[in-house]
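Coordinates in review
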Amino acid sequence: MILMKFGGTSVANSEAIQRAISIIGSKLDERPIVVVSAMSKVTDMLYRIADMAAAQDEAQTSLLLEQLRERHITVASELLANSGHMLNEAISEINNICDYLEKVVTSVCALGELSARSKAIIISRGENLSSTIIYHAMNASGIDTELIDARQMIITSGDTLIGDPIFDEINNRVPGIIEKGYKGMKAVITQGFISSTIDGEPSVLGRGGSDYTASLIGMAVDAKRIEIWTDVDGVRTADPRRVEGTKCLDKISFEEAAEMAHFGAKVLHPLTIEPAINKNIPILVLNSTNPQHPGTSIMGNDAIADGVKAVSWKEDILLINIFSPKMINATGFVQKVFKVFRDYNVSVDLISTSEANISVTVAGQQNVDQVVEHLSQFAEVHVFTDKSQVSIIGKNVINYGDVLQRLMNALKGNNLYMISQGASNINISFVVDRIDLTAIVNTIHSNLFAQQS
Ligand code: ADP
Ligand code: ASP
Ligand code: MG
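Residues numbered from 1 in each chain as written. Chains lettered and ligands numbered in written order. Predicted model: local features only at pLDDT ≥ 70, side-chain atom pairs only at ≥ 80, totals over all residues. Heavy atoms only, no water.

Concerning the packing of aromatic side chains
Here the structure, examined in full by the defined rule, presents three aromatic pairs. Between F333 and F378, the ring centres sit 6.1 Å apart and the planes meet at 85°, which makes this aromatic pair edge-to-face. Of this pair, F333 sits in helix α10 (residues 333-343) while F378 is found in the loop between α11 (368-375) and β16 (380-393), placing the two residues 45 residues apart along the sequence. Taking relative accessible area as the criterion, F333 reaches 8% and is therefore assigned buried. Residue classification places F378 among the buried residues on the basis of a relative accessible area of 17%. Here the guanidinium or amino end of R31 rests over the ring plane of Y182, the centre of that ring lying 4.5 Å away. In this structure, K387 is placed above the aromatic ring of Y417, and the distance from its NZ or CZ to the ring centre is 4.6 Å. (Phe/Tyr/Trp six-rings, centres within 6.5 Å; stacked < 30°, edge-to-face > 60°. Helix = DSSP H or I, 4+ residues; strand = E, 2+ residues; numbered from the N terminus. Buried < 20%, exposed > 50% of the residue type's maximum accessible area, 1.4 Å probe, protein only. Lys NZ or Arg CZ within 6 Å of the ring centre and 35° of its normal.)

Structural data, given as structure tokens:
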């Protein structure tokens, strides 16, 4: 079996869906399990609807809900124009999903209160809608397909909105459900991103979570391959939306891909790699608008050469400096500092220490104010905003040729707030002014890659 995950832009409209279906159709002999995201921008819209409902903005929520319904009915109508009863079925299912969504949104509006449960229900609907349409369109194009509800397979604990998948539960459930779904069929399709708790309560895997769904199912069925179909020719040396002249990487290791994703490269959800490593299943990142391109293979470390592979970044981070003269020659200070971060559930990205100082970076998290307030009770704390964190990623990057030299040349003349080298030898990261980010990543990229043979 193979996993084939199609992201939002790969199912953005009827043309994109047709393209995805013809790619799936060319691989039926490998028994595809198709995982789909919501159509492009739909999940963003659902998050907005949830917030507007909480703010009791009835007029705006109804407007957006109507647009959502119309967009999906239009796409279904285009795809199923010649399929008679299938179009009627699809439209009636779309209407059911939208009616339920409207009911939940109306009750949130009435109360002016948005529980995590209601939010999970609202933001899940994009995948319900897209999978329903694509399921009918696959059948209409002659691929007998079963639609499987991902919430029976992907079971999470912890945070409802960034669920923590329970691997054992998923491994136990998925193979049977997929086998049953496959009876008499040529393919099965399910939703990315959406999940449920062991008690059947709704949850989701967090933004971009459809990649993670694909690798979790891949792990559970021992898939031969996990294909991530997106809108770029594989993993590149940097995000092409920001950096000129990026190149596609033929192959990178699981560790390199995980590090890139953790340090800001949006091409994969950061946790996608873990289930694949568990079973040593290769991940392929492929372009649905250019399916002939071989894309990028992500695989075990042995087949991967040393050297710098990519530049990634987190644009908006906080740099926190914690100073205390008591740290000098004192044991237990570091532990005391990090206990505060743990108590408020704030994870840190980079850490560096000097004799009386600890510097850390944190990205996009709640509770940072409380952490700072608490730390200030026993240390001098400075928070620097408008900073970005840039990472150079690659196997044995530190020891490789003159990478450090080239990096330092590229950074000449810029303020450099912190440098940190991962113990794994796979990552050098540093903090710069946010205003300089685009120029810096372009210079670094051209210094590191243009001259690399
Ligand atoms: P999907 O909707 O298919 O999941 P995403 O938008 O989540 O797609 O991810 C694909 C996007 O990731 C690309 O359009 C690209 O701009 C961005 N990206 C960031 N870093 C990289 C990188 N190193 N290589 C390729 N794409 C990257
Ligand atoms: N639709 C979800 C999101 O936009 C999940 C995904 O696309 O991977 O975050
Ligand atoms: Mg994505």
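Regarding the site of ligand 1
Around ligand 1, a shell composed of 18 residues is seen, among which T230, D231, R236, D239 and R241 lie nearest. Note that a nitrogen atom of ligand 1 is positioned 2.8 Å from one of the backbone N or O atoms of R236. Measuring from an oxygen atom of ligand 1, one finds a side-chain N or O atom of D239 at 2.8 Å. When isolated, ligand 1 has an accessible area of 570 Å², and the protein chains bury 90% of it. Residue composition of the shell around ligand 1, grouped by class: seven nonpolar, five polar and six charged. (Near = heavy atom within 4 Å. Polar contact = N/O pair within 3.5 Å; in protein donor to acceptor, adjacent residues only side chain to side chain. Areas by Shrake-Rupley, 256 points an atom, 1.4 Å probe, with all protein chains shown as cover. Nonpolar A, V, L, I, M, F, W, Y, C, P; charged D, E, K, R; others polar.)

Here we look at the sheet that holds strand β10 (residues 251-253)
One open sheet accounts for eight strands, arranged β3-β6-β2-β1-β9-β11-β12-β10; its pairing is mixed. The open sheet has two free edges, formed respectively by β3 (145-148) and β10, since each of these has just one partner strand. Pairwise comparison of adjacent strand axes, ignoring direction, gives a mean angle of 20° for this sheet. (Pairing = 2+ DSSP bridges. Axes fitted to C-alpha atoms, helices over the stretch in contact; angles between N-to-C directions.)

With respect to the packing of α10 against α11
For any two helices packed against each other, the geometry comes down to the angle between their axes and how far apart the axes lie. Contact geometry for α10 and α11: axes closest at 9 Å, N-to-C directions at 150°. As summarised for this structure, α10 and α11 are arranged roughly antiparallel, according to the angle between their axes. Crossing of α10 against α11: the hand is right-handed. Side by side, α10 and α11 meet where V337, V340 and F341 of the first sit next to V371, H374 and L375 of the second. The residue makeup of the contact of α10 with α11, split by class, is five nonpolar, one polar and no charged. (Parallel < 35°, antiparallel > 145°, perpendicular 65-115°, else oblique. Left-handed = near helix turned anticlockwise from the far one by under 90°. Contact = heavy atoms within 4.5 Å.)

Some thoughts on the pairing of strand β1 (residues 2-6)
Burial of β1 is extensive: five of the five residues sit out of reach of the surface. One ladder, built from five bridges, connects β1 with strand β2 (residues 32-36); its direction is parallel. Residue K5 lies in a different strand from β2, and its bridge partner there is V35. Taking the sense of rotation as the criterion, the β-α-β connection linking β1, helix α1 (residues 14-25) and β2 turns out right-handed. (Right-handed = clockwise from strand over helix to strand, strands pointing away.)

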